[in-house]
Amino acid sequence: MNQMRKNGDLGSESFGACLLLSLPEDVIAVIARFVSPRDICNLSLCCKSLCEVFDSERIWLVQCEVVKVLSLSEMIQWRIGISSYKAFCRFLGEVMKPLVGVWVHQNPELGNVVYVMPGFLSVVGCRIIPQEVGPLGIEEARVMWSPVFEIICGFDGSAKFFLHGRDGKLHCCLHPGFVMGIEKSCNVLLLEVETRREKELCSEIETVLLGETGVQLPFRKLPFSYRRNLLHIVTSTVGIPVPDLSSERLFPTSKDDEAVLSEHRTMLLKMHKFGGDWNHMNLEDECINIPNQVDINESWKHLGFEVDNRNMDAGNQTQRKTFSRYFRSGIKHILGRSSSLKNTSSSRSDTRPWNLQKFLNFGDSIGLSLKASNIKLSSYQGWPNMDETRYALYKLPIKNPIANEEYAGLWGGTFGWPPGKCTEDKPGKALFLLMLSYEESQDGTERLLIGTKILEGTHYAMHPNGSAMFVIKIDSPSFELFPFDTNGEDFEHSYAGEGTAKGYGFRYPGYKPGTLFVTSKGLLMFVWKATKVVLTLQRLDLGELLRKGVCVSPLPPCLNFAYLTKSHTNVFAPERRRS
Amino acid sequence: MSSSKKSSDGKSSEIEEAVASLTMPFNKILLTSSDGESFEIDEAVARKFQIIAHMIEDDCAGKAIPIDNVTGDILSKIIEYAKKHVVEPDEDEDEEAKKKLDSWDAKFVEKLDLETIFKIILAANYLNFEGLLGFASQTVADYIKDKTPEEVREIFNIENDFTPEEEEAIRKENAWTFNG
């Protein structure tokens, strides 16, 4: 070795060979735990020997473990469906970890909770339906849920997106699309339409005419009606019926699910590769046509283009007609090679058709896509302030309990004491889901524990989704006694606070005094002082609940992702309310 | 004190052990390095080395244990670390003590060169001293973290045996690791 040695790096000639290579494999695995995937890549680039040591299955498995979204046994089980632990690590870190969690939307007011969790070589989003639980309580309840979306991991580690939704004939369908980018600290999940280009441009004129010289208008900058209509057109075109939803498995529910899960996965992989014809193909076959998209020129050449009215949310019929007329005239312009086409000077985003052209000009087909972004969001008492004109889901910042924030997290419960006891005329109790979080009071003098309502199983919402059901002065213990028979529970603490009551109309609930009681088994009870009404809460594991639950059919696709109309009733399952 | 020699006659080694246990203080263990250096430590400290803890459990640890794979200089450093870490402070309960210990740890490695750290890692692995193995591994990881391949090659004195094409191919395949 002729290189100059830095002081303190290497002491003797005998360590000319790399120190790192002298370490046994399990020690390398320990070191690998403390570095990032990028460091592994840089180590692999140093020399061939290091590349062999660090760019290995063993080390990438360690990196997968470091991500901490799956257990080791699950990872080993899933390994057969992916080409390498490296590809797996990418899916875990880039897709699974940022998305896993509780996502919500403001509408409907009864609550819109989508739990995103690991499936089988996938990540799945499942909506918990507002519902009642029977006398056996939450533990034994078979909670109703419906599928919202799935992102499966292909053999090469690539992510494939599927939106669930029912079509006009009430068949459950899957709508394949692409994943357009997931930011690691994302807090908003967006359903979008994106343009794709297959054919190569053959001349400069075509480039100019198609507006390639400008920057594409992003989907989110289009006015709401255009976004809604584009989404409806794409979903109604690319929807593929699922043979039988009740026999489908999106996530493991028991030990011997693997065959059904694999079948479901193969079906999805075929759908993504071949589109509607998937059933006649094998995965290894070549794909001739590019599936799962809407050709821009073809769809609008014919006047008879139909959009299924029943799939659209309560919207404007006249608006739809106006949109088609604008679109057709726009396309006619392109087809007629008019020289006045290049109209990109104005940058105002109003409801002129030129901005739709500017969006569509960038490709010759459109398809469905999912995007996860980090957007600056304000929040009130833990609940994010949402833009209700976006087909979006918002991440709920649920925290794990820590040393002096022991009640933080997701809780579920019902009204009444003792819990689970039902009366004859009311055999079910509305299931409530709450997020408990800690905040500083307005004047900064004390800490508050806030119980934010995110789901309720009543028939009609009396208070807004995301409002606080109770606010507790968590650093001020109270001396109130539980007003009823303790039912064998050992009461440990109680704190003073206030609970929601009638206020100035729907948007602004009032608050009346109440007390929070904590039992030794970790149950929480909030009792309104005047009415003696009791809300009993216990910690919930949504994953466990869903695994024991029952799947019900989803809404039409765009509504299934985000329900944008204001409603106080149970829009997700009006005819079924009890589990 | 010189290390006791194992004799082929089982009876006389028993006698030797009995003599050793009479002449040494109660609950002390004697470790001898590969180059003959001896260290007398409390049993509690010796138990940090799982390999010795198992010997004590199985009752086959005499009061004197030879450590054939580790030289005296390295063994002394390991014992120094083990003595400081006999009782690990709970982060939640005693934040002050944890901070002090972390600061001691930082000073401990600061004085060591890379070659010594590697020798410590190998010794800690042999002795099955999990705490030190983790700590020393993290120290090595800190040398690697966020460094370019050129920088890593320089630190560890590695020669680049890739062709530019091979390097480019690896970079392309791992391009995703450079996102975010």
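Sequence order sets the numbering: in each chain, residues are counted from 1 along the sequence as written. By the order in which they are written, chains take letters starting at A while ligands take numbers starting at 1. Note on the predicted model: pLDDT of at least 70 is required for a residue's local features to be given, and 80 or more for side-chain atom pairs to be given and counted; whole-chain, interface and lining totals, by contrast, use all residues. Note that water and hydrogens are dropped before the side-chain values are worked out from all heavy atoms of the structure.

(A) Broad picture of the overall build of chain A. Elements are defined by DSSP. Helices are runs of H or I of four residues or more, strands are runs of E of two residues or more, and each kind is numbered from the N terminus. The number of helices and strands found in chain A is 15 helices and 24 strands. Looking at chain A as a whole, 54% of its 579 residues are labelled buried. Pairs at least 24 residues apart make up 67% of the contacts formed inside chain A by residues separated by at least 6 positions. Carbon together with sulfur atoms contributes 52% to the accessible area of chain A, which is approximately 26900 Å² in total. Any residue under 20% of the maximum accessible area for its type is buried, any over 50% is exposed, and the rest in between are partly exposed; the area is computed with a 1.4 Å probe on protein chains only. Contact between two residues is taken to exist if any of their heavy atoms lie within 4.5 Å; hydrogens are not considered. Every accessible area reported is derived by Shrake-Rupley at a probe size of 1.4 Å, with residue values counting cover from the shown protein chains alone.

(B) Up close: the overall build of chain B. Along chain B, the regular secondary structure elements total 9 helices and 3 strands. Reading chain B from its N terminus to its C terminus gives the helix and strand order α-β-β-α-α-β-α-α-α-α-α-α. Expressed as a percentage of its 180 residues, the buried residues of chain B come to 37%. Taking all contacts inside chain B whose residues are at least 6 apart in sequence as the whole, residues at least 24 apart take part in 58%. Total accessible area computed for chain B in this model is approximately 10600 Å², and 49% of it derives from carbon and sulfur atoms.

(C) Here's a closer look at helix H6 (residues 85-99) of chain A. All names here are of chain A. A helix's residues, less one, multiplied by 1.5 Å, set its expected span. Helix length check: H6, at 15 residues, gives a terminal C-alpha distance of 20 Å against a target of 21 Å (1.5 Å per residue), a fit within 8%. At Leu 92, H6 shows its largest kink, close to 35°. Along H6, 13 of the 15 residues are buried, which leaves the element largely enclosed by surrounding structure. A positive phi of about 150° marks Gly 101, the residue just after H6. Here the bend at each residue means the angle between axes fitted to two seven-residue stretches, the one ending at that residue and the one beginning there.

(D) Focus on a negative patch on the surface. Patch criteria: residues need more than 30% relative accessible area and no salt bridge. Like-charged residues are merged within 9 Å; nonpolar side chains of Val, Leu, Ile, Met, Phe, Trp and Tyr are merged within 5 Å. Between Lys or Arg on one side and Asp or Glu on the other, a salt bridge is scored when a side-chain nitrogen of the former is within 4 Å of a carboxyl oxygen of the latter. Only four residue types enter the charge count, namely Lys and Arg as positive and Asp and Glu as negative; His and the chain termini do not. A charge is said to be at NZ when it belongs to Lys, at CZ for Arg, at CG for Asp and at CD for Glu. Among the surface-exposed residues, B:Asp90, B:Glu91, B:Asp92, B:Glu93, B:Asp94 and B:Glu96 lie close enough to one another that they form a single negatively charged patch. Overall, B:Glu96 belongs to the exposed group, its relative accessible area being 58%.

(E) View of the interface of chain A and chain B. The partner chain B presents 41 residues to the 42 residues of chain A that form the contact. Accessible area that two parts lose when put together, evaluated with a 1.4 Å probe and summed over both, is termed the buried area. The contact between chain A and chain B buries some 3900 Å² in all, and 65% of this surface belongs to carbon and sulfur atoms. At the junction of chain A with chain B, the criterion picks out 3 salt bridges. Elements supplying a minimum of two residues to the side of chain A that touches chain B: helix H1 (25-32), helix H2 (37-44), helix H3 (48-54) and H6 of chain A. The biggest single contributor to the side of chain A that touches chain B is H2(A), with 7 residues. In this classification, Asp, Glu, Lys and Arg are treated as charged, Ala, Val, Leu, Ile, Met, Phe, Trp, Tyr, Cys and Pro as nonpolar, and every other residue, Gly included, as polar. The class makeup of the residues in the side of chain A that touches chain B is 23 nonpolar, 8 polar and 11 charged.

(F) Structural view of the pattern of salt bridges. Throughout the structure, instances matching the rule amount to 29 salt bridges over all chains. As a salt-bridge pair, A:Lys86 and A:Asp55 come within 3.2 Å of each other at their nearest N and O atoms. Of this pair, A:Lys86 sits in helix H6 while A:Asp55 sits in the loop between H3 and helix H4 (57-67), and the two are 31 residues apart along the sequence. Of the residues examined, A:Lys86 reaches a relative accessible area of 9% and is grouped as buried. In this structure A:Asp55 comes out as partly exposed when scored by relative accessible area, which is 24%. Between B:Glu167 and B:Arg171 there is a salt bridge whose closest N-O contact spans 3.2 Å. On the criterion of helical spacing, the pair formed by B:Glu167 and B:Arg171 is a turn pair, its members being 4 residues apart in helix H9 (residues 164-173). The buried category is assigned to B:Glu167, whose relative accessible area is 15%. Connected through shared salt-bridge partners, A:Glu109, A:Glu388, A:Arg507 and A:Lys566 make up one network.

(G) Molecular detail of the domain arrangement of chain A. Residue and element names in this part refer to chain A. According to the domain assignment, chain A consists of domain 1 (19-90), domain 2 (94-198 + 214-296 + 371-379 + 387-393 + 545-561) and domain 3 (398-542). A domain assignment, automatic or from a database, supplies the domain bounds used here. Summarising the inter-unit geometry, the C-alpha centres of domain 1 and domain 2 are found 30 Å apart. Taken together, the contacts link 11 residues of domain 1 with 16 residues of domain 2. Together domain 1 and domain 2 conceal approximately 1200 Å² of surface at their shared face, both sides included; 62% is due to carbon and sulfur atoms. One can count 1 salt bridge joining domain 1 with domain 2.

(H) Structural context of the confidence of the model for chain B. All names here are of chain B. Residue-level confidence of the predictor, termed pLDDT, takes values from 0 up to 100. Taken as a whole, chain B shows an average pLDDT of 83; of its residues, 84% reach a score of 70 or greater. Segment residues 1-8 is flagged for pLDDT under 50; beyond a separation of four residues in sequence, or across chains, it makes 8 contacts in the model. For this predicted complex, the interface score ipTM comes out at 0.80, alongside a pTM of 0.82.

(I) A look at the layout of surface pockets. All names here are of chain A. Using a grid of 1 Å spacing that covers the protein atoms alone, one calls a set of points a cavity when a 1.4 Å probe fits there but cannot get out, and a pocket when the set is open and has protein on both sides within 12 Å along at least five of seven lines; lining residues are those with an atom within 4 Å of a point. Grid points are joined across faces, edges and corners, and a volume is the space filled by probe spheres set on the points. Reported here for the largest pocket is a volume of approximately 700 Å³. Lining of the largest pocket is provided by 29 residues; of these, Tyr 380, Gln 381, Ser 467, Ala 468 and Tyr 511 occupy positions nearest its centre. Of all elements in the fold, only strand S13 (383-384), strand S17 (432-440), strand S18 (447-456), strand S19 (468-477) and strand S20 (491-501) reach the threshold of two or more residues within the lining of the largest pocket. Of the residues in the lining of the largest pocket, the class split is 13 nonpolar, 9 polar and 7 charged.

(J) Looking closely at the pairing of strand S22 (residues 524-528) of chain A. All names here are of chain A. With 5 of 5 residues buried, S22 is to be regarded as a mostly interior element. Burial along S22 is two-sided: Leu 524, Phe 526 and Trp 528 facing one way and Met 525 and Val 527 facing the other are all buried. Summarising the sheet, strand S21 (residues 510-519) and S22 pair through 5 bridges and their orientation is antiparallel. Counted as the bridge partner of Phe 517 is Met 525 from S22. The rule for pairing is simple: two strands pair if DSSP sees at least two bridges between them. Here S21 folds back onto S22, and the loop between the two strands holds 4 residues, one of which, Gly 522, carries a positive phi near 90°. Here S22 hands over to strand S23 (residues 534-539) after 5 residues, with Lys 532 in that stretch at a positive phi of 60°.

(K) Seen up close, the pairing of strand S1 (residues 101-104) of chain A. Relative to strand S2 (residues 113-118) of chain A, S1(A) runs antiparallel, the two being bridged by 4 bridges. Looking across to S2(A), one finds that A:Trp103 is bridged to A:Val114.

(L) Representation of the packing of aromatic side chains. All names here are of chain A. Side-chain rings of Phe, Tyr and Trp, where Trp is taken by its six-membered ring, are said to pair if the distance between their centres is within 6.5 Å; with planes under 30 degrees apart they count as stacked, over 60 as edge-to-face, and otherwise as tilted. By the definition in use, this model includes 26 aromatic pairs over all chains. Seen in terms of ring centroids, Trp 417 and Phe 482 are 4.9 Å apart; in terms of plane orientation they differ by 70°. Their pairing is edge-to-face. A residue pair is termed long-range when its members are at least 10 positions apart, and Trp 417 in the loop between strand S15 (409-415) and strand S16 (429-430) and Phe 482 in the loop between S19 and S20 qualify at 65 residues. Assigned by exposure class, Trp 417 and Phe 482 land together as buried. Ring plane angle 85° and centroid distance 5.3 Å describe the contact between Phe 482 and Phe 517, whose orientation is recorded as edge-to-face.

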